[in-house]
Amino acid sequence: MSKKARLKNLKILLNSAENQHLAFLSATPWNLKQPKTATEKEFLKSVASFMNSGGGNLLLGVNKDNTVLGLENDGVPFKKKDRKRFSQHISQLISDKLGPQFCTLTCYHFFKIDEKFICQIEIGKSDIPVYVPINNSYHMYIREEAKIRNLNLHEMLEYVESRF
């Protein structure tokens, strides 16, 4: 897809509400202003929920009300050279916490909107369950409409049996 087509698609996403295949995160796992574990946990829950469901788009640097805050809002100066470092950091986090096999399900695109940088992560559907490690246990998250849902053990077993 061309850069122009991606930008057109992004503008459609920015004018949409969160749904089964679209989510916004204002803070990123690279956030220097908030506790690292809080931003990482929210990010990983979002990524895993898309992978366990039908895939989708995660827009980083965008508030829940569609306001573009920018990646710079996290306290990181975002220059052109930082894009590669940012995507490598995100990929490494996915590899370390979810598993290296899931890195191939993500694709990163960077855009400058109103003088602010945002990142669109296209997330593919996984063929195997994705679990998020939290406090020495593993959790399975899925997307339900615009929400992330943590499945209990019974729901998880049924979901894995029916989906995978």
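Residues numbered from 1 in each chain as written. Predicted model: local features only at pLDDT ≥ 70, side-chain atom pairs only at ≥ 80, totals over all residues. Heavy atoms only, no water.

On to the packing of aromatic side chains, then. For the coordinates displayed, the defined rule picks out two aromatic pairs. Measuring from centroid to centroid gives 6.0 Å for F86 and F110, while their planes differ by 75°, and the two rings are edge-to-face. Here F110 lies in strand β3 (residues 106-113) and F86 lies in helix α3 (residues 80-97), a separation of 24 residues in the sequence. Ring geometry for Y159 and F164: centres 6.4 Å apart, planes at 75°, overall edge-to-face. Since its relative accessible area comes to 18%, Y159 is described here as buried. (Phe/Tyr/Trp six-rings, centres within 6.5 Å; stacked < 30°, edge-to-face > 60°. Helix = DSSP H or I, 4+ residues; strand = E, 2+ residues; numbered from the N terminus. Buried < 20%, exposed > 50% of the residue type's maximum accessible area, 1.4 Å probe, protein only.)

This model, assessed by the stated rule, comprises zero disulfides. Just so you know, C107 is unpaired, no disulfide at all, and the nearest cysteine sulfur is the one on C119, 9.4 Å from it. Overall, C107 belongs to the partly exposed group, its relative accessible area being 33%. (Disulfide = S-S within 2.5 Å.)

Taking 1.5 Å per residue as the helical rise, helix α1 (residues 3-14) with its 12 residues ought to reach 16 Å, and the 16 Å between its terminal C-alpha atoms agrees with that figure. Inspection of α1 places L10, L13 and L14 among the buried residues, and these make up the whole buried set. Looking down the long axis of α1, one finds its buried residues gathered within 90° of arc, a one-sided arrangement. For α1, the exposed residues lying more than 90 degrees away from the buried face are K4, K8 and I12. Residues of α1 that are buried sit in contact with β1 (22-25), β2 (56-60), β3 and β4 (116-123). (Expected span 1.5 Å × (residues − 1). Arc of directions from axis to C-beta. Contact = heavy atoms within 4.5 Å.)

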